[in-house]
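# Coordinate analysis (summary)
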Amino acid sequence: MILGHYIISDHAVDQYEDRVGIYSKMNTRQCIKADLHFSKIKKIVHGKEDNTIHVFSRHGIEFIFKKCKNNLILKTVIKRNRHTNPGAVNKRKMQHAIN
């Protein structure tokens, strides 16, 4: 696993259900873990000052993690179509390059 140990917040589960939906007969947390599998991660952008990590998957989903002590906490899930996702990756890179 690329990210190591992470915690999925209830807020992120609610957002995932609203924005992405649930596929097959898995529960929401299993769907999130399946989307964060190393073969589905397309790009990872690290924030320097604000301790955030933006993970972009192949399906146009952006997962925003916050570093707290020794754990990563999944805070937000954003769903985009695959045509606007590269622009979002570049935007995150530029935001964190300036800081």
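Above this note sits the structure.
This text gives an overview of the structure that appears in the document.

Glancing now at the nonpolar core. One recurring pattern in soluble globular proteins: nonpolar side chains tend to sit buried together. Counting 17 residues, the largest nonpolar core has Ile32, Leu36, Val55, Phe63, Phe65, Leu74 and Val77 as the members making the most contacts within it. Counting residues per element, the ones that place at least two in this core are β1 (6-8), α1 (10-19), α2 (28-35), β3 (52-57), β4 (61-68) and β5 (71-79).

This next bit is on the environment of Ser9. Position of Ser9 among the secondary structure elements: in the loop between β1 and α1. Given the relative accessible area of 17%, Ser9 is considered buried. C-alpha of Ser9 to C-alpha of Ile73: the two residues are 64 residues apart in sequence and 6.7 Å apart in space.

Note that strand β2 (residues 41-46) and β3 share five bridges and pair antiparallel. The residue bridging Val45 from the neighbouring strand is His54, located in β3.

This part is about α2. Among the residues making up α2, those that are buried are Thr28, Cys31, Ile32 and Asp35. Buried residues in α2, looked at end-on, bunch into an arc of 100°, giving them a common side. Buried-residue contacts for α2 involve β1, α1, β3, β4 and β5. Capping the start of α2, Asn27 holds a side-chain oxygen 3.3 Å from the backbone nitrogen of Arg29, two or three residues further along.

So, on to the pattern of salt bridges. As enumerated under the stated definition, the model contains two salt bridges in all. Note that Arg80 is salt-bridged to Glu62, the shortest N-O span being 2.6 Å. Within this pair, whereas Arg80 is found in the loop between β5 and α3 (85-98), its partner Glu62 is found in strand β4, the two being separated by 18 residues in sequence. The exposure class of Arg80 is buried, given its relative accessible area of 19%.

Each value, and the rule that gives it
- Residues numbered from 1 in each chain as written.
- Predicted model: local features only at pLDDT ≥ 70, side-chain atom pairs only at ≥ 80, totals over all residues.
- Heavy atoms only, no water.
- Core = buried A, V, L, I, M, F, W, Y, C linked by side-chain atoms within 4.5 Å.
- Buried < 20%, exposed > 50% of the residue type's maximum accessible area, 1.4 Å probe, protein only.
- Helix = DSSP H or I, 4+ residues; strand = E, 2+ residues; numbered from the N terminus.
- Pairing = 2+ DSSP bridges.
- Arc of directions from axis to C-beta.
- Contact = heavy atoms within 4.5 Å.
- Polar contact = N/O pair within 3.5 Å; in protein donor to acceptor, adjacent residues only side chain to side chain.
- Salt bridge = Lys/Arg side-chain N within 4 Å of Asp/Glu carboxyl O.

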